[in-house]
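# Results of the structural survey
For reference, the chains in residue letters:
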Amino acid sequence: MKKVLSVLLIALLILSAAACTPNAEPAAPDAEPAAQESPAADPAQWKILGDIWAFESDGYGSEENRYVRIFKADGVYYRAETDIPQDVAEKLDAIDFFDETRETQEKELMKDLPIQTICNLSEVLLSQSELDALIGKTGQELLDMGFVPQGSFSTLEKVFCASLDKGPFEYEIEFEEIAEVDDNPNVAAVIRPLTVKSAAFSGLSQYCLEMEFDINGGRSLADYEAEFAGD
């Protein structure tokens, strides 16, 4: 089985379209209300995938018989992983992608699969106080700290704003200066001399669904800038 389910990616496209608009104010992690979840969030009790189906999922994907699910329980983001046996993988592949009951069928087939790893993603989520500490830093300093452009940007209202990934999360960074750019700029190059005006949490990054995931890792700046190497 080799397929990737794009629930998270669709959500990210919606977030990217709304990112950096003048009146948008993404909620900071500190300000998010605790979600009312059922059953109660107790990672020690999560043994099989069925134990986490009730929690709100922000994305899931599968590739080469490996399944990853991102979900939120009591305001905390988690990543669960498991291997999918070949017989289950074949049944999953047989489900019509456009079947309205596809997700229900998938859950039924996978509910008893043992969870092999649970990762608390919120351990590396920057608090608003940590984000406020970025004010006054240059874009180059952000890149040195591991921030990588997500791709979306805005030059509205005489400021430059960009979405930057750091590990499994995405942050909206507004800079003091305006920057004249084309339709597809190397955002890393643009922000290097700019000064941070504000920073806020905006959501999950695509990295959180990567099969080769490291909670202390993230997207590579070199990989991002390689896209512009021929320009």
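Shown above is the structure to which this text applies.
Residues numbered from 1 in each chain as written. Predicted model: local features only at pLDDT ≥ 70, side-chain atom pairs only at ≥ 80, totals over all residues. Heavy atoms only, no water.

### Overview of the side chain of Glu81
Counting through the fold element by element, Glu81 comes out in strand β3 (residues 76-83). Taking relative accessible area as the criterion, Glu81 reaches 13% and is therefore assigned buried. (Helix = DSSP H or I, 4+ residues; strand = E, 2+ residues; numbered from the N terminus. Buried < 20%, exposed > 50% of the residue type's maximum accessible area, 1.4 Å probe, protein only.)

### Some remarks on the packing of helix α2 (residues 86-93) against helix α3 (residues 102-110)
Two numbers describe a pair of packed helices, the interaxial angle and the distance between the axes. Where α2 meets α3, the closest approach of the two axes is 10 Å, and the angle between their N-to-C directions is 170°. Relative to α3, α2 is oriented roughly antiparallel. Where α2 approaches α3, its residues Val88, Lys91 and Leu92 are matched on the opposing element by Glu106, Leu109 and Met110. (Axes fitted to C-alpha atoms, helices over the stretch in contact; angles between N-to-C directions. Parallel < 35°, antiparallel > 145°, perpendicular 65-115°, else oblique. Contact = heavy atoms within 4.5 Å.)

### Looking at the environment of Ser62
Residue position: Ser62 is located in strand β1 (residues 56-63). Put simply, Ser62 and Glu81 are 19 residues apart on the chain and 9.6 Å apart in space, counted from C-alpha to C-alpha.

### A look at the pattern of salt bridges
The full count for this structure, using the stated rule, is 9 salt bridges. Put simply, Glu106 and Arg102 hold a salt bridge, and the shortest N to O gap is 3.3 Å. Separated by 4 residues within a single helix, Glu106 and Arg102 lie in helix α3, roughly one turn from each other. Across the pair, Arg102 and Glu106 agree in class, each one buried. Through salt bridges with shared partners, a single ionic network connects Arg66, Arg79, Glu81 and Asp83. (Salt bridge = Lys/Arg side-chain N within 4 Å of Asp/Glu carboxyl O.)

Honestly, that's just the spatial picture; any functional story needs more than this.
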